[in-house]
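# Analysis of the macromolecular model
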Amino acid sequence: MATVHLRIGDLVWGKLGRYPPWPGKVVSPPKDLKKPRGKKCHFVKFFGTEDHAWIKVEQLKPYHTHKEEMIKINKGKRFQQAVDAVEDFLKKAKGKEQNSDGKGDSKGKKTPNKPLKILEEDDEDLSALKDPSEKDLTDSDPEPSTLERLGAGPGSGFKWESSPVKDDPHFHHFLLSQSEKPASSMEPISKRLKIVEEDSGSTSIQAADSTAISGSITPTDKRIGFLGLGLMGSGIVSNLLKMGHVVTVWNRTAEKCDLFIQEGARLGRTPAEVASTCDITFSCVSGPKAARDLVFGPSGVLQGIRPGKCYVEMSTVDPETIIELSQVITSRGGRFLESPVAGSQQLSNDGMLVILSAGDRTVYEDCSSCFQAMGKTSFFLGEAGNAARMMLILNMVQGSFMATIAEGLTLAQATGQSQQTFLDILCQGQMASTFVDQKCQNILQGNFKPDYYLKHIQKDLRLAISMGDMANHPTPMAAAANEVYKRAKALDQSDNDMSAVYRAYIH
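Residues numbered from 1 in each chain as written. Predicted model: local features only at pLDDT ≥ 70, side-chain atom pairs only at ≥ 80, totals over all residues. Heavy atoms only, no water.

## Structural notes on the pairing of strand β20 (residues 353–359)
Counting buried residues along β20, five of its seven residues qualify, which places the element largely inside the surrounding structure. Pairing of strand β18 (residues 335–338) with β20 involves two bridges; the strand directions are antiparallel. Residue pairing for β20: E338 is matched across the bridge by A358. Where strand β19 (residues 341–342) meets β20, two bridges bridge the pair, whose relative direction is antiparallel. By the bridge assignment, V341 is partnered in β20 with I355. In this sheet, strand β21 (residues 375–380) lies alongside β20 in parallel orientation, the contact comprising five bridges. (Buried < 20%, exposed > 50% of the residue type's maximum accessible area, 1.4 Å probe, protein only. Helix = DSSP H or I, 4+ residues; strand = E, 2+ residues; numbered from the N terminus. Pairing = 2+ DSSP bridges.)

## Considerations on the pattern of salt bridges
Oppositely charged side chains may form a pair once their charged atoms are brought near each other. As enumerated under the stated definition, the model contains 14 salt bridges in all. One salt bridge in this structure joins E69 and K61, with 3.3 Å as the shortest N-O distance. For K61, a relative accessible area of 17% puts it in the buried group. Across the pair E87 and K67 runs a salt bridge whose closest N-O atoms are separated by 3.0 Å. With a gap of 20 residues between them, E87 in helix α2 (residues 77–101) and K67 in helix α1 (residues 63–73) connect regions that are remote in the sequence. (Salt bridge = Lys/Arg side-chain N within 4 Å of Asp/Glu carboxyl O.)

## Notes on the pairing of strand β4 (residues 41–46)
Buried residues dominate β4, accounting for six of its six residues. Where burial is concerned, the two faces of β4 agree: the one with C41, F43 and K45 and the one with H42, V44 and F46 are both buried. Direction of pairing for strand β3 (residues 22–26) relative to β4: antiparallel, over a ladder of three bridges. Bridge pairing in β4 places V26 opposite V44. With five bridges joining them, β4 and strand β5 (residues 52–56) adopt antiparallel strand pairing. Bridging across to β5, C41 finds its partner in K56.

## Some remarks on the packing of helix α14 (residues 419–426) against helix α15 (residues 434–445)
Running from amino to carboxyl end, α14 crosses α15 at an angle of 175 degrees, the nearest separation of the two axes being 11 Å. The angle between α14 and α15 places the two elements in the roughly antiparallel class. Along the contact surface, α14 presents Q419, Q420, L423 and L426, while α15 presents V436, D437, C440, Q441 and L444. A class-by-class count of the residues in the contact of α14 with α15 yields five nonpolar, three polar and one charged. (Axes fitted to C-alpha atoms, helices over the stretch in contact; angles between N-to-C directions. Parallel < 35°, antiparallel > 145°, perpendicular 65-115°, else oblique. Contact = heavy atoms within 4.5 Å. Nonpolar A, V, L, I, M, F, W, Y, C, P; charged D, E, K, R; others polar.)

## Looking at the packing of aromatic side chains
One pass over the structure, following the stated rule, counts nine aromatic pairs. Ring geometry for F47 against F89: centres 5.7 Å apart, planes inclined by 55 degrees, an arrangement best described as tilted. Of this pair, F47 sits in the loop between β4 and β5 while F89 sits in helix α2, placing them 42 residues apart in sequence. Of the residues examined, F47 reaches a relative accessible area of 0% and is grouped as buried. (Phe/Tyr/Trp six-rings, centres within 6.5 Å; stacked < 30°, edge-to-face > 60°.)

## Let's talk about unusual backbone geometry
Although it is not a glycine, N472 sits at a positive phi angle of roughly 55 degrees. Judged by its relative accessible area of 71%, N472 falls in the exposed class. Although it is not a glycine, D492 adopts a positive phi angle of roughly 65 degrees. Given the relative accessible area of 68%, D492 is considered exposed.

## Describing the sheet that holds strand β6 (residues 60–62)
Strand order in this open sheet of five strands is β5-β4-β3-β2-β6, and the pairing throughout is antiparallel. Where the open sheet ends on each side, the last strands, each with one partner, are β5 and β6. Ignoring strand direction, the axes of neighbouring strands in this sheet form an average angle of 45 degrees. Its contacts with the sheet place α1 against β2 (11–14), β3 and β6, and it is angled at close to 100 degrees to β6.

This is the structure:
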């Protein structure tokens, strides 16, 4: 696509990532939103949606010049609604101009329109180029209430790196921006895919939100394999099947496969068979040893890896294990991605996991519809090992926090304070969250049915502490929490929920 010179206020067709071209308007970005380094782009607000993003200049075309071409190519209902929104905007703008032309000042003179400055490709501060009389699309452009949000419509004249994806009604696609407006409390919980790009090897993220809404997820035509049907894996597979993916399952305890076979899954006899017959094989097991055994063991994944086969490790393990698995899979011509998940059994069942990925970016993109089915947000973090590091840090914080909450509840009881009142106060303050409320209520009810195994959070704490040691970084809070979880394990709480750490304080 040829480079075009645009001004703030210009209407354009913009192509965002893997989605089809969509009508939008060049606007000034928020003051705190810097232009991505090394990218020649403009900030675009899209019609028929709340989306906005930095779009590369080569992915932009003038609206009027290419209107007929785009309308011929795209026939979707939401696309037409977006075009109608543009025409509405033009009519209102024309009406304002006519009204303005009919009104002079006290001397009958018209106020001339101020010329808009040209946005050059190498301008760093777009806000400085904005005409003071111009309002951003976010403030002034019509957003008819009858319009549904932007949907990934049919393909267009733009070339796709892969087939377009239709998204879940609550799924958000993030690209290139650095900030996100907080969602209204009236909005439904959003499902999001966050694609993170590294800039010059930096781990700092540049992102921008873009809502991609249509009726449902279009499942990939690739054959999916899934190894491990535990608390997390069961919910993931269930959601993959619900969204129409072709899934072959395997579990060490074969009986766990029966329910999914009834739901339409295929049965794999061994990990090697699953890896050899499927295009993308996911694994979600308990820890480093189980992850290694699955790959290197008898009839293991490694025996089924062929050139082009993809292996996605979703288990929470140490970065050293990930790097080892990545090296051995790629040495056989396979493609490797790590994608550990943050969440619980309930979030897994609800398809609301947070997915952290690193490794082969093309595998990450191939997994798009799978990640939409299983999660609300997905991040790509660069080279293999980064997702494991980030996940261990997150679980370290969560495990330490859970131990502190349990300590607070037992201290309240020991000092004659009402535990329920403590919880009520806590849930009205800055630490209020669904996590705190649910875990504390379960503790007070004596309900420790596992949503995330205590033994697994203790394993994650241990791995995080070890990672800190290797980086020569102190982790005293995590070390203290780890000791409390070890005591809970000694009290036979391993297979209970992580909130059972409470019992370490009362025995």
